[in-house]
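# Understanding the architecture of this molecule
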Amino acid sequence: MSKRIVIDPVTRIEGHAKISIFLDESGQVSDAEFHVVEFRGFEKFCEGRPFSEMPGITPRICGICPVSHLLASARAGDAIMAVDIPPAADKLRRLMNLGQMVQSHALSFFHLSAPDFLLGWDTPPQKRNVFGLIAANTDLARAGIRLRQFGQEIIEILGGRKIHPAWAVPGGVRSPLTEEGRNRIRAWLPEAFATTHTALDLFKQVLDKHRREVQIFGNFPSLFMGLVEPDGTWEHHGGKIRFTDSSGSVIADQLDPLKYDEYIGEAVQSNSYLKSPYYLPLGVPDGMYRVGPLARLNVAEQMGTPKADTEFRLFKRMGHGAVTSSFLYHYARLIEILTSLERIEAYMGDPELSSEYLRADAGINSLRGVGVSEAPRGTLFHDYTVDRQGLLRKVNLIVATGQNNLAMNQTVAQIARHYVRGNEIPEPVLNRIEHGIRCYDPCLSCSTHAVGQMPMLVRLIDAGGRVVREIARG
Amino acid sequence: MAAKTLTIDGKQISADQGATILDAATDAGITIPTLCHLDGVYDVGACRLCLVEVAGINKLLPACTTRVHEGMVIKTDSERLRKYRRMTLELLFAERNHVCAVCVANGHCELQSLAYSLGMDHVRYDYRFPKWGVDNTHTLFGMDHNRCILCMRCVRVCWHIEGAGTKNVSGRGSGSQIISDLNQPWGTSDTCTRCGKCVMACPTGALFAKGATVSEMERDRTRLEFIVTAREKKQWIA
Ligand code: SF4
Ligand code: SF4
Ligand code: FES
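## Digging into the site of ligand 2
Taken together, the neighbourhood of ligand 2 is formed by 14 residues, with Cys148, Cys151, Met152, Cys154 and Cys202 of chain B sitting nearest. The residue makeup of the shell around ligand 2, split by class, is 12 nonpolar, one polar and one charged.

Shown next as structure tokens:
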């Protein structure tokens, strides 16, 4: 008889999910599954609409990373028009994506994850949240909130509104960076840098205390995927796809993101609406890969900016070959904030961002277009097929949380194997399982393209498929 | 032309004989909500948003097509009128598929701004979710029937300002639709001169410049006004 454990709700994750933990005959954890039970209707809903509307529609998939969908969508539109967008437009889109990286990573690190490893696993959930963090370390919490605001400010300066800015369009962007906006960003940068350095120092200090977590929070071999520049430098909007394995070797490089279906397969799981992509040549389960900050740093050879590169070298030393512990997603996130800030700073000295030549114009030159961009959570693909008139016939989206799904299952299984004994899941163990998932900063509403919230449940299921324990935490 | 004197909202005003209640009110600085009315083309009284109360007449009358009479006493605003106007708007929203958040006209739409200003905060009728398509065959413009309110402004400017006669209405009732020529894809029309007047005239996101994304359709009606004024004042006749 094997048993299954389910956690509910995984608080502080955008969207909702269910976790099943399977036990074998002897009561040991054999496997785990993190499934999302949401209706997936978004891709169907877009059919028949003009492709030019997609940058306005797709940001609605997810209120957490609308900018990523906006940018991927605009890129897919560029591909349908078969245009090279004006250089200034490319820089401006990049600037917005960097702002998005900063705001999203700051949210993940300071608001969602830091309470766990700064306040401790055994702190009750009522206190183990951003309010608890404010009580314990007001300055840090406040600085974190301000850092997130800085990222949001950049998005707002460019897009006009914090949420759902339909500012990037097929062919380019709608408006340049104003002088006033430039000054506001410039003035805020020193504070943003200071906060990031504080967070990095703090994280490295607590890392020692969390050796065990580094060992068992999703520490397993897998492939990693991300965009890189031709010379292997970290990339976030543009570039080509690279896969590396857990020894750190590059197994495929400079793959055309537009031909993703030649190297990414999508397994549909019966009990989840989430698609689980894998590296096609290796199949399931060997083709399991991770995306997002940890993966991007694993595939990259350098960050391309001096301060981030200094940290990057320390980061690389944490693995033999690749850095395989998902707990280090947090570290990777901070390094990405740092390189984003450095890149933002460089753009502030670039007059081209004020250019008025921002939008290429063209008709329908290709009936299919794929747009790829690195969202904070991982590589995002928008794949559109249109008719001669530019009306959408087919839409396929591959999102970060979907790509990390197989790895998230393994992470939960690994944590459960270490902590779950018998039919009980004590509170601190629940906290750890929850955090294991939070390392990936999953955005569930996005991965299933649905709206609404549903509670989350942990179920312990025995070898006979019987639910022996069900924990719903509200 | 003989002048008529009348009272609108308690204000004594005079208007030319033959003027509509809407003209008279506008001259007197009184705003009546309208949707199908467009300066420069004749009125058809299609939307019923401009309904007003006239003393001594039981039914409500459209201000855009009712001529002034001597001694008329008119009310342009009352609880009853507001109720009817809201209802009319709700019916318009329920009839087709309006998703303002992702619409090309969002923020610049006459239907949407009327809904705001008249305090329409929900729709009491069941949405009909009809299946309408998008005609994207024209090289410059697109037409999304989902957002059309059948005000026929496009038809009127097409026939009476441009003189092309491309746009027409087919069908009946809520199944009516704006067509091009003999109900063919707009892009295959022989008569369309690609002038864009219909796009400028449309109050909603139904007609748009191709490639427009959310909120991008801001209409420049001054161009239409310029043509109408020039024609009325015979500015083009030497
Ligand atoms: S046409 Fe106007 S009312 Fe209709 S969806 Fe667009 S903005 Fe909303
Ligand atoms: S297309 Fe626009 S102008 Fe023409 S009838 Fe419909 S809403 Fe009115
Ligand atoms: S404006 Fe008078 S009926 Fe439409």
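## Here we look at the interface of chain B and chain A
Taken together, the contact between chain B and chain A spans 17 residues of the former and 17 residues of the latter. Summed over both sides, the interface between chain B and chain A buries roughly 1300 Å², with carbon and sulfur atoms accounting for 52% of that surface. At the boundary of chain B and chain A, one finds four salt bridges. In this structure, the salt-bridge partner of Glu216 of chain B is Arg174 of chain A, at a minimum N-O distance of 4.0 Å. Counting across the chain B and chain A interface gives six residue pairs in polar contact (both at pLDDT 80 or more). Considering only residue class, the side of chain B that touches chain A consists of seven nonpolar, six polar and four charged.

## Topic: the packing of helix α13 (residues 405-419) of chain A against helix α14 (residues 427-438) of chain A
All names here are of chain A. As a packed pair, α13 and α14 sit with axes 9 Å apart at the nearest point and diverge in direction by 160°. When the interaxial angle is binned, α13 and α14 end up roughly antiparallel. Every pair of crossing elements has a handedness; the one defined by α13 and α14 is right-handed. For the pair α13 and α14, contact is made by Met408, Thr411, Val412, Ile415 and Tyr419 and by Val429, Arg432, Ile433, Gly436 and Ile437, respectively. The class makeup of the residues in the contact of α13 with α14 is seven nonpolar, two polar and one charged.

## Focus: the nonpolar core
If you look at the biggest cluster of nonpolar residues, it comprises 121 residues, and the most contacted ones within it are Ile21, Phe150, Phe203 and Ile344 of chain A. Looking at which element gives the most residues to this core, the answer is helix α4 (residues 87-119) of chain A, with 13 residues.

## Some points on the site of ligand 1
Ligand 1 sits among Phe93, His98, Val99, Cys100, Cys103, Asn106, Cys109, Leu111, Arg147, Thr204 and Gly205 of chain B. Residues of the shell around ligand 1, tallied by class, amount to six nonpolar, four polar and one charged.

## A word on helix α11 (residues 329-347) of chain A
With 19 residues, α11 of chain A should reach 27 Å at 1.5 Å per residue; the first-to-last C-alpha distance of 26 Å fits that figure. Of all 19 residues in α11 of chain A, 17 are buried, a share of seventy percent or more.

## Let's talk about the pattern of salt bridges
All names here are of chain A. In this structure the tally under the stated criterion is 36 salt bridges over all chains. Salt-bridge contacts for Glu352 lead to Lys91; the nearest nitrogen and oxygen are separated by 2.7 Å. Highlighted residues: Glu352 in the loop between α11 and β12 (368-375) and Lys91 in helix α4, separated in sequence by 261 residues. The exposure class assigned to Glu352 is partly exposed, which follows from its relative accessible area of 30%.

Calculation notes
Residues numbered from 1 in each chain as written. Chains lettered and ligands numbered in written order. Predicted model: local features only at pLDDT ≥ 70, side-chain atom pairs only at ≥ 80, totals over all residues. Heavy atoms only, no water. Near = heavy atom within 4 Å. Nonpolar A, V, L, I, M, F, W, Y, C, P; charged D, E, K, R; others polar. Contact = heavy atoms within 4.5 Å. Buried area = accessible area lost by both parts, 1.4 Å probe. Salt bridge = Lys/Arg side-chain N within 4 Å of Asp/Glu carboxyl O. Polar contact = N/O pair within 3.5 Å; in protein donor to acceptor, adjacent residues only side chain to side chain. Axes fitted to C-alpha atoms, helices over the stretch in contact; angles between N-to-C directions. Helix = DSSP H or I, 4+ residues; strand = E, 2+ residues; numbered from the N terminus. Parallel < 35°, antiparallel > 145°, perpendicular 65-115°, else oblique. Left-handed = near helix turned anticlockwise from the far one by under 90°. Core = buried A, V, L, I, M, F, W, Y, C linked by side-chain atoms within 4.5 Å. Buried < 20%, exposed > 50% of the residue type's maximum accessible area, 1.4 Å probe, protein only. Expected span 1.5 Å × (residues − 1).

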